[in-house]
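A structural walkthrough
Listed below, chain by chain, are the residues.
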Amino acid sequence: SLQLQRQLTIVAVLHEINLAIRYSDRVALVKDGKLYDIDKPTIAIHRDSIKEVFGIDVEIIDTPLGKQVLPLAAVEP
């Protein structure tokens, strides 16, 4: 890939969490303009972090393509 050949860092802003999990080496979770966490997707993205940052309950399942986040319900404030 171009990224490996030229040793480039590629930054993408994705608002679709499942795409971020699938295609990123590292993800950053931002809450209220502040960095909440940055790590490998399988470490940074879990039920508690999604609940805290986005205010929703989720189920995270394994699929043939990797982890998939399924929204369940909004968390009451």
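Refer to the structure printed above.
Reference entry: report on the structure contained in this document.

Reading the values: the criteria
- Residues numbered from 1 in each chain as written.
- Predicted model: local features only at pLDDT ≥ 70, side-chain atom pairs only at ≥ 80, totals over all residues.
- Heavy atoms only, no water.
- Pairing = 2+ DSSP bridges.
- Helix = DSSP H or I, 4+ residues; strand = E, 2+ residues; numbered from the N terminus.
- Buried < 20%, exposed > 50% of the residue type's maximum accessible area, 1.4 Å probe, protein only.
- Salt bridge = Lys/Arg side-chain N within 4 Å of Asp/Glu carboxyl O.

Another point: the pairing of strand β2 (residues 34–39). Bridging between strand β1 (residues 27–31) and β2 involves five bridges; their strand directions are antiparallel. The residue bridging V27 from the neighbouring strand is D39, located in β2.

A separate point is unusual backbone geometry. Non-glycine residue Q7 carries a positive phi angle of around 50°. When you line up the elements, Q7 lands in the loop between α1 (2–5) and α2 (17–23). For Q7, a relative accessible area of 73% gives the class exposed. Despite not being glycine, D32 shows a phi value in the positive range, around 55°. Position of D32 among the secondary structure elements: in the loop between β1 and β2. Take D32: its relative accessible area is 71%, and that puts it in the exposed class.

Time to look at the pattern of salt bridges. For the structure on display, the rule yields three salt bridges. K31 is the partner of E52 in a salt bridge, and the nearest nitrogen-oxygen pair spans 2.8 Å. Linking E52 in helix α4 (residues 47–54) with K31 in strand β1, this pair joins segments that are 21 residues apart in sequence. Of the charged contacts, one joins D62 and K67 as a salt bridge, the two residues approaching to 2.8 Å between their closest N and O atoms. According to the relative accessible area criterion, K67 is partly exposed, its value standing at 31%.

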